[in-house]
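Here are the chains, one letter per residue:
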Amino acid sequence: MKFKDSFHPYAMTTIFFWSLAFVLTRLSLQYFSAFPLGFLRYLVASCSLLVIAVCTKMPVPRKKDLPWFVLSGGLGFFLYMIAFNQGQLTVTAATGSVVIATVPMITALFARFIYHEKLKAF
């Protein structure tokens, strides 16, 4: 498989921007409050994804799915972004990245103790 056909460039790009998020958020919060900064981040992301959607001719979601998009956007993304920005005001960028990195582990533990799911070792 050729490098350009691989997922590696996309993974490296994601890792690069994800790693910058904590430091750049901390720096940006010196000039913006949590809500406007969250809005700006999602505005840039939405515009980028809109360009990708148009270029790839992605179909428009069905009308019956729109309430789910709004609900997941409001609860899943909006609240996360505001909590993330507020958290970055009170902790260092390094501490924030460690806290966010524990989310998959905490999710697995919740699944284990609330839903009694079995955790598998690799």
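Not measured: the values here are computed from a predicted model.

Draft legend 1. Focus on the overall build of the protein. Within the protein, the secondary structure is distributed over 5 helices and 0 strands. Taken from the N to the C terminus, the helices and strands of the protein come in the order α-α-α-α-α. Structurally, the protein occupies a C-alpha span of about 45 × 40 × 40 Å along its principal axes. Burial analysis of the protein (122 residues in total) assigns 15% to the buried set.

Draft legend 2. Inspection of the side chain of Asn 85 at higher detail. Looking at where Asn 85 falls in the secondary structure, it is placed in helix α3 (residues 66-90). We classify Asn 85 as buried; its relative accessible area is 0%. Polar side-chain contacts of Asn 85 include one of 3.0 Å to the backbone oxygen of Ala 34. What Asn 85 contacts, discounting residues up to four positions off in sequence, is Thr 25, Leu 29, Ala 34, Leu 37, Gly 38 and Arg 41.

Draft legend 3. Broad picture of the nonpolar core. Phe 22, Met 81, Phe 84, Ala 93 and Ile 100 form the largest nonpolar core, which has 5 residues in total. Every element with two or more residues in this core is listed here: α3 and α4 (93-101). Excluding anything up to four places from it in sequence, Phe 22 contacts Phe 84, Gln 88, Ala 93, Gly 96, Ser 97 and Ile 100.

Draft legend 4. Structural detail: the layout of surface pockets. Empty space within the largest pocket amounts to approximately 1100 Å³. What lines the largest pocket is a set of 28 residues, and nearest its centre among them are Arg 41, Tyr 42, Val 44, Ala 45 and Met 81. Contributing elements (two or more residues each) for the lining of the largest pocket: α1 (8-28), α2 (34-55) and α3. Tallying contributions element by element places α2 first for the lining of the largest pocket, with 13 residues.

Draft legend 5. Examining the packing of α1 against α3 more closely. Running from N to C, α1 and α3 cross one another at 70°; their axes reach a closest spacing of 9 Å. The orientation of α1 with respect to α3, classified from their angle, is roughly perpendicular. Across from Ala 21, Phe 22, Thr 25 and Arg 26 in α1, the residues of α3 making contact are Phe 84, Asn 85, Gln 88, Leu 89 and Thr 90. Here the residues of the contact of α1 with α3 sort into 4 nonpolar, 4 polar and 1 charged.

Criteria and cut-off values
- Residues numbered from 1 in each chain as written.
- Predicted model: local features only at pLDDT ≥ 70, side-chain atom pairs only at ≥ 80, totals over all residues.
- Heavy atoms only, no water.
- Helix = DSSP H or I, 4+ residues; strand = E, 2+ residues; numbered from the N terminus.
- Buried < 20%, exposed > 50% of the residue type's maximum accessible area, 1.4 Å probe, protein only.
- Polar contact = N/O pair within 3.5 Å; in protein donor to acceptor, adjacent residues only side chain to side chain.
- Contact = heavy atoms within 4.5 Å.
- Core = buried A, V, L, I, M, F, W, Y, C linked by side-chain atoms within 4.5 Å.
- 1 Å grid on protein atoms, 1.4 Å probe; cavity = no way out; pocket = protein on both sides within 12 Å on 5 of 7 lines; lining within 4 Å.
- Points joined across faces, edges and corners; volume = space filled by probe spheres on them.
- Axes fitted to C-alpha atoms, helices over the stretch in contact; angles between N-to-C directions.
- Parallel < 35°, antiparallel > 145°, perpendicular 65-115°, else oblique.
- Nonpolar A, V, L, I, M, F, W, Y, C, P; charged D, E, K, R; others polar.

Everything listed here is a matter of geometry and, on its own, says nothing about what the molecule does.
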